[in-house]
Amino acid sequence: MTKKQTDLNFSKALARLEEIVSKLEDPGIDLEEGLDLLEEGVSLHKLCTEKLTEANTKITKILKSDTLEEN
Amino acid sequence: MKIVGGKKVYTVSEVNYIAKQTLEQMPFWVEGEVSEFRKHPKLNFFYLRIKDERAVLPCVADGRLLAGIGNNLVGQKVLVSGSLTLYEPLAIYQLRIETFELAGEGVLSKKLEEIIKKLKEEGLFDQKFKKDLPQFPKKVCLVTSDGSDAANDFITHSINKFPVIELYIADVRVQGASAIGQLLKVLPTVDRMGFDVIVITRGGGSLEDLAAFNDEYVARAIFKLVTPTVVAIGHEANESVAEWVADKRASTPTDAANIVTAGYAKVEENLVYLKNRLLSQTNYYFSNNFQKLDHYYFRLAQVKGSFKDLPHRLNSTKSLLEKHEKLLIDDGKSRCSQMLKDLVKNFMLIKEEKTRRLDQAKRSFAILSPENTLLRGYSITYSSTGSILRNIEDIELNSTVKVKLHDGSFKSKVESKQTND
């Protein structure tokens, strides 16, 4: 994972991942470019999943500890 | 009456007569509820029955006593005075009514109507005097009988739900003789204490029980309050003058509490709504994004497909190349052999041409050879040294030169020479 990637926030990373997926689905894609994109895409996917899981865990904890759940 | 065996023995008529004499000396004031009411078919005379919880008393009344009171008095409380009379043939007694007036709520209702009319004319019920209640009252004064159901209902639905409210209870009697006096004293006092809202309440009851809240002076005192006021007297069905002059009317103590705390309730409701939205939006956000990621991963995994025909393309390119190569080689070969043929052919042509030209040259050369020239009569002159003489100036006078003809030579002496012009 590049430094540039970890600096991305979740929605930007997700948007980039979406862009990559679309590019990769172009049948005319070049092999070298495709490989680079695939590598970037897979690591972005990993980054996004980690960020989302982390946020989900955090929020579930907050909601559980909060008085909101008491009602 | 006769004496039989030492005993006084009366006839039935005598008993009834004695009873009548005794009874008719007893005048009464009687209060009761009319349970039956009918007019004599012909005479202006009325038969009534008035009752209480346990007994019934038949009455008769002159029609003139009842003038203007109305025809249907059943259920009406009345206060009558009269004396008992006894109908001797049947030993039935009844009350002969001498004065007749409506009692209890009947009277109160009439008085109430008058007060309402008066206050209404003065404008005390006008909407323009109604003050708005604060949305979030902090200090609330409850004017009621402390410990009553009404007080407890109000507490349950106000500070128990929203403890942010500070409640002060001004304990007053809410019925009976002292109620009006206490209210008139307490109301102006609490009005000066800086409350956000004053709530005046009591539970339901009869018109008599509610009398203090239909009192004209109490109504005026409530009207004068500077503090916004909610009044809830009795049950849903009861209405009182106090409610009419209040800034806000409530049907019950609980309703009053709901009105006072409406602002808080709305905030609470909104908070619950927002909480639910927060939870559902959070859920949606995560499930949506997890799904997206799954989907993208699936699509990433499909990328292999984009390159799956590459080997095939490579293969076909290779065979294409091979084919081209073969074609190229064949073509090259045939072109080479053609060239070779052409070359040979061209060489032959060139050779023929050269041969022809050589012959031509030979022939020309033969024509131009010195032998041929000598044959045609020309001669060649050599100097004494043997060199061919071409110019007149090379010839010396008196020298001997050699002249060659085609079939021999001779020597000659130069006697003179002349240069051409």
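Quantities reported herein were computed from a predicted structural model and do not represent experimental measurements.

Peer 1: Explain the overall build of chain A to me, please; I cannot follow it from the model alone.
Peer 2: Along the backbone of chain A there are three helices and zero strands. Out of the 71 residues in chain A, the part that is buried amounts to 14%. When contacts within chain A are restricted to residue pairs at least 6 apart in sequence, long-range pairs at least 24 apart make up 59% of them.

Peer 1: It is not clear to me how the confidence of the model for chain B should be interpreted in this structure. Could you clarify?
Peer 2: Detailed conclusions should not be drawn from predicted coordinates in areas where pLDDT is low. All names here are of chain B. Across chain B, the average pLDDT comes to 88, with 97% of residues at 70 or higher. In the model of chain B, helix 9 (residues 303-306) stands out as the element of lowest mean pLDDT, 72, in contrast to strand 8 (residues 139-144), which has the highest, 96. Among the prediction metrics, the complex's ipTM stands at 0.80, with pTM recorded as 0.51.

Peer 1: What should I look at first to understand the sheet that holds strand 13 (residues 380-382) of chain B in this one?
Peer 2: Sheet strands pair by backbone hydrogen bonding; their relative direction is either parallel or antiparallel. Residue and element names in this part refer to chain B. Within the open sheet, the three strands sit side by side as 13-14-15. Their pairing is antiparallel. Edge positions in the sheet fall to strand 13 and strand 15 (408-413), since each has one partner strand and no second. Between one strand and the next, the sheet's axes are offset by a mean angle of 25°, whatever the strand orientation. Here six bridges tie strand 14 (residues 400-405) to strand 15, and the two strands are oriented antiparallel to one another. Bridging across to strand 15, Leu405 finds its partner in Gly408.

Peer 1: I tried to follow the interface of chain A and chain B on my own but got confused; where do I start?
Peer 2: Size of an interface, as often reported, equals the accessible area lost when the parts are brought together. Contacts between the two partners involve 22 residues from chain A, matched on the other side by 17 residues from chain B. When residues of the side of chain A that touches chain B are traced back to their parent elements, those giving at least two are helix 2 (10-24) and helix 3 (31-65) of chain A. Take the side of chain A that touches chain B: its biggest share by element is 12 residues, from helix 3 of chain A.

Peer 1: What is the right way to read the environment of Lys51 of chain A from this model?
Peer 2: Counting through the fold element by element, Lys51 of chain A comes out in helix 3. Residues Lys51 of chain A and Asn9 of chain A lie 42 residues apart in sequence; the distance between their C-alpha atoms is 9.0 Å.

Peer 1: Which parts of the structure should I look at to understand the environment of Ala211 of chain B?
Peer 2: All names here are of chain B. Here Ala211 shows up in the loop between strand 10 (197-202) and helix 5 (216-224). For Ala211, a count of 21 C-beta atoms within 10 Å corresponds to the buried category. In this structure the C-alpha to C-alpha distance between Ala211 and Gly176, which are 35 residues apart in sequence, comes to 8.3 Å.

Peer 1: Is there a simple way to think about helix 8 (residues 262-301) of chain B in this case?
Peer 2: Residues three or four positions apart in an α-helix share a direction because the helix packs 3.6 residues into each turn. If you check helix 8 of chain B, its first and last C-alpha atoms are 58 Å apart, about what 40 residues at 1.5 Å a residue would give, namely 58 Å. Among the 40 residues of helix 8 of chain B, two are classified as buried, and the element is accordingly described as predominantly exposed.

Peer 1: It is not clear to me how unusual backbone geometry should be interpreted in this structure. Could you clarify?
Peer 2: The phi angle of most residues is negative, glycine excepted, and most peptide bonds adopt the trans form. Residues and elements named next belong to chain B. The backbone of Ala91 sits at a positive phi, close to 55°, despite the residue not being glycine. Here Ala91 is to be found in the loop between strand 6 (77-87) and strand 7 (92-102). On the basis of neighbour count, Ala91 is assigned to the exposed category, with 12 C-beta atoms found within 10 Å. Phi is positive for Asn398, close to 70°, though the residue is something other than glycine. Its location among the elements puts Asn398 in the loop between strand 13 and strand 14.

Peer 1: What's the story with the nonpolar core in this structure? I'm lost.
Peer 2: Most often, soluble globular proteins have nonpolar side chains that are buried together. Residue and element names in this part refer to chain B. If you look at the biggest cluster of nonpolar residues, it comprises 42 residues, and the most contacted ones within it are Val199, Ile222, Val230 and Ala242. Going through the elements one at a time, strand 8, helix 3 (149-157), helix 4 (179-191), strand 10, helix 5, strand 11 (229-233), helix 6 (241-245) and helix 7 (253-260) are the ones with two or more residues in this core. Apart from the residues lying within four places of it in its own chain, the contact partners of Val199 are Val140, Cys141, Leu142, Val143, Phe154, Val230, Ala256 and Val260. Membership of the second largest hydrophobic core comes to 12 residues, among which are Cys59, Leu73, Val80 and Leu95.

Peer 1: Honestly, the sheet that holds strand 8 of chain B in this entry has me stumped. Any pointers?
Peer 2: Residue and element names in this part refer to chain B. Pairing within the open sheet is parallel, and its five strands lie in the order 9-8-10-11-12. Two strands lie at the open edges of the sheet, namely strand 9 (166-171) and strand 12 (248-249), each paired on one side alone. As paired strands, strand 10 and strand 11 are joined by five bridges and run parallel to one another. In the sheet register, Thr201 faces strand 11, and the bridge partner there is Ala232.

Peer 1: I would appreciate a short explanation of the packing of helix 2 of chain A against helix 8 of chain B in the present structure.
Peer 2: The geometry of a pair of packed helices is captured by two quantities: the angle between their axes and the separation between those axes. Close contact between helix 2 of chain A and helix 8 of chain B brings their axes to 10 Å; oriented N to C, the two are set at 30°. Relative to helix 8 of chain B, the element helix 2 of chain A lies roughly parallel. The handedness of the crossing between helix 2 of chain A and helix 8 of chain B comes out as left-handed. Residue-level inspection shows Leu14, Leu17, Glu18, Val21 and Leu24 of chain A of helix 2 of chain A in contact with helix 8 of chain B, the latter providing Lys292, Tyr296, Arg299 and Leu300 of chain B.

Definitions and cut-offs
- Residues numbered from 1 in each chain as written.
- Chains lettered and ligands numbered in written order.
- Predicted model: local features only at pLDDT ≥ 70, side-chain atom pairs only at ≥ 80, totals over all residues.
- Helix = DSSP H or I, 4+ residues; strand = E, 2+ residues; numbered from the N terminus.
- Buried ≥ 20, exposed ≤ 12 C-beta atoms within 10 Å, placed from the backbone.
- Contact = placed C-beta atoms within 7 Å.
- pLDDT = per-residue confidence, 0-100.
- Pairing = 2+ DSSP bridges.
- Axes fitted to C-alpha atoms, helices over the stretch in contact; angles between N-to-C directions.
- Expected span 1.5 Å × (residues − 1).
- Core = buried A, V, L, I, M, F, W, Y, C linked by C-beta atoms within 7 Å.
- Parallel < 35°, antiparallel > 145°, perpendicular 65-115°, else oblique.
- Left-handed = near helix turned anticlockwise from the far one by under 90°.

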